[in-house]
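Structure at a glance
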Amino acid sequence: MTSTPPPHANPINDNDDGAAPPPPKRLSAADAIVMGMRFYSRLPTGDSPHLPLNFGKMIQFLPISSLIIGVFPALTILLLGAFGVQSLFVATLAIAMSAVITGAMAEDAFGDAMDGLFGGHDVARRLEIMKDSRHGTYGVLGLIAPFMLRVITLGTLIAMSPVAAALLWLASAMIARQTAPIVAVILPPARSDGASAGAGILSKRDFISGLVPALILFCLLVWLFAGPIALFLALILGAGLSAFWVNLLKRFLGGQTGDTIGALQLLLEIAALSAFILM
């Protein structure tokens, strides 16, 4: 993810008496939810101060942030679907709205990851390419192909049932965003700068504590609106894709970056949507 979160509060002590700075504020659930919205979206969150990034705490409450981030595109599907608007048009509009709300973070990350992973001949060159904001051939294809796949899969679901499509997409985007940081749990940062290194260490405990409620909600919605076979296929595809991605990063980069986390997020969302239309 080449986009960076908003600037955080400066902990420097302004007093001249040499006193130690005050201890950092304990992050509440509400703070963590707002932090997740600020990190992963461009939605307005009020004038409260930007607290120092606590990636572990944010991940624990990310399911709620994700649902808030995805509610407006989902409502767009429900509203336009109720009036019988053509499904591919609705899907395109909803996905475009989602990209605007999120700042196209996952889309940009996927393009950068494709450029770097497949355009460089060694680790140093791959990381250099990924840091470049310009997109090459692989990057352009990495922008177009995921967009088309999501339009086709989501459009197919909308044609079947706008209500089911909206809820399944909401669930897919939530679980994809929640699962993608697994690469930060398993792999070290591939470089000392960038969004991933700046986010700090993500512990297994924080990751699992956020993943479990997201997974429960995902399973419930998919079971109700797509069925148990689709749920099983989505889980198998997601687990297999995550394992493949981690091994690819280990081989090509020796670690992970923010771009590779965002890229996995997009891949997992597409995998889930694909599972729903296959069943």
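A brief structural summary. All values derive from a computational prediction rather than experimental measurement.

Attention now moves to the nonpolar core. Ranked by internal contacts, the top residues of the largest apolar core, which has 48 residues, are Ile-77, Leu-154, Phe-218 and Phe-276. Ranked by residues supplied to this core, first place goes to helix H8 (residues 162-179) with 9 residues. Ignoring anything within four residues of it in the chain, the contact list for Leu-154 reads Ile-77, Ala-91, Ile-95, Ala-165 and Trp-169. Of all hydrophobic cores here, the second largest spans 27 residues; its members include Ala-106, Phe-110, Phe-252 and Ile-261.

Their axes nearest at 7 Å, the elements helix H5 (residues 105-119) and helix H13 (residues 258-278) cross at an angle of 110°. By the angle between their axes, H5 is roughly perpendicular relative to H13. For the element pair H5 and H13, the recorded crossing hand is left-handed. Each of Ala-106, Glu-107, Ala-109, Phe-110, Asp-112 and Ala-113 in H5 lies in contact with H13, whose residues at this interface are Asp-259, Gly-262, Ala-263, Gln-265, Leu-266 and Leu-267. When its residues are assigned to classes, the contact of H5 with H13 shows 7 nonpolar, 2 polar and 3 charged.

Before going further, it helps to examine the pattern of salt bridges. This model, assessed by the stated rule, comprises 4 salt bridges. The closest approach of N and O atoms between Arg-125 and Glu-128, which form a salt bridge, is 3.3 Å. With a gap of 3 residues between them, Arg-125 and Glu-128 both fall in helix H6 (residues 123-131), about one helical turn apart. Note that Asp-132 is salt-bridged to Arg-134, the shortest N-O span being 2.8 Å. Linked by salt bridges that have partners in common, Glu-107, Arg-150 and Glu-269 make up one network.

Okay, the layout of surface pockets next. Here the second largest pocket is characterised by a volume of approximately 270 Å³. The wall of the second largest pocket is formed by 16 residues, among which Ile-175, Thr-179, Leu-235, Gly-238 and Ala-239 lie closest to the centre. Among the secondary structure elements, those contributing two or more residues to the lining of the second largest pocket are H8, helix H11 (204-225), helix H12 (228-252) and H13. With 5 residues, the single largest contributor to the lining of the second largest pocket is H12.

Below, the discussion takes up unusual backbone geometry. With glycine set apart, most residues show a phi of negative sign, and most peptide bonds adopt trans. At Ala-104, a position not held by glycine, the phi torsion is positive, near 55°. Inspection of the secondary structure assignment puts Ala-104 in the loop between helix H4 (87-102) and H5.

On to empty space enclosed by the protein, then. Picture a little ball the size of a water molecule; that probe, rolled over the atoms, points out where space is still empty. Evaluated as defined, the whole model comprises 2 cavities of 30 Å³ or more. The computed volume of the largest cavity comes to approximately 230 Å³. Lining the largest cavity are 20 residues, with Ser-98, Thr-102, Arg-177, Gln-265 and Glu-269 sitting closest to its centre. Of all elements in the fold, only helix H3 (62-82), H4, H5, H8 and H13 reach the threshold of two or more residues within the lining of the largest cavity. Tallied by class, the residues present in the lining of the largest cavity amount to 11 nonpolar, 5 polar and 4 charged.

Before going further, it helps to spend a moment on helix H1 (residues 29-40). Along its 12 residues, H1 runs 17 Å from first to last C-alpha, staying within 8% of the 16 Å computed at 1.5 Å per residue. Burial analysis of H1 places 9 of its 12 residues in the buried class, which makes it a mostly covered element. Turning to H1, its buried residues are Asp-31, Ala-32, Ile-33, Met-35, Gly-36, Met-37, Arg-38, Phe-39 and Tyr-40. Where H1 is buried, its residues contact helix H2 (55-60), H3, H4, H5, H8 and H13.

Take the environment of Leu-224 next. Secondary-structure assignment places Leu-224 in helix H11. Judged by relative accessible area, which is 57%, Leu-224 ranks as exposed. Separated by 56 residues in sequence, Leu-224 and Leu-168 place their C-alpha atoms 9.7 Å apart.

Turning to the packing of H11 against H12, a few remarks are in order. H12 packs onto H11 with a crossing angle of 140° between their chain directions and a minimal axis gap of 8 Å. When the interaxial angle is binned, H11 and H12 end up oblique. Residue-level contacts link Leu-215, Phe-218, Cys-219, Val-222 and Trp-223 of H11 to Pro-228, Ala-230, Leu-231, Ala-234 and Leu-235 of H12. Looking at the contact of H11 with H12 residue by residue, the class counts come to 10 nonpolar, no polar and no charged.

On to a nonpolar patch on the surface. Side chains of Val-71, Phe-72, Leu-75, Leu-78, Val-163, Leu-220, Trp-223, Leu-224 and Phe-225 sit close together on the surface and give an oily, nonpolar patch of about 820 Å² of accessible area. Looking at where Phe-225 falls in the secondary structure, it is placed in helix H11. Judged by relative accessible area, Phe-225 falls into the partly exposed class, the value being 34%.

What counts and how
- Residues numbered from 1 in each chain as written.
- Predicted model: local features only at pLDDT ≥ 70, side-chain atom pairs only at ≥ 80, totals over all residues.
- Heavy atoms only, no water.
- Core = buried A, V, L, I, M, F, W, Y, C linked by side-chain atoms within 4.5 Å.
- Buried < 20%, exposed > 50% of the residue type's maximum accessible area, 1.4 Å probe, protein only.
- Helix = DSSP H or I, 4+ residues; strand = E, 2+ residues; numbered from the N terminus.
- Contact = heavy atoms within 4.5 Å.
- Axes fitted to C-alpha atoms, helices over the stretch in contact; angles between N-to-C directions.
- Parallel < 35°, antiparallel > 145°, perpendicular 65-115°, else oblique.
- Left-handed = near helix turned anticlockwise from the far one by under 90°.
- Nonpolar A, V, L, I, M, F, W, Y, C, P; charged D, E, K, R; others polar.
- Salt bridge = Lys/Arg side-chain N within 4 Å of Asp/Glu carboxyl O.
- 1 Å grid on protein atoms, 1.4 Å probe; cavity = no way out; pocket = protein on both sides within 12 Å on 5 of 7 lines; lining within 4 Å.
- Points joined across faces, edges and corners; volume = space filled by probe spheres on them.
- Expected span 1.5 Å × (residues − 1).
- Patch = residues over 30% accessible without salt bridge, like charges linked within 9 Å, V, L, I, M, F, W, Y side chains within 5 Å.
- Areas by Shrake-Rupley, 256 points an atom, 1.4 Å probe, with all protein chains shown as cover.

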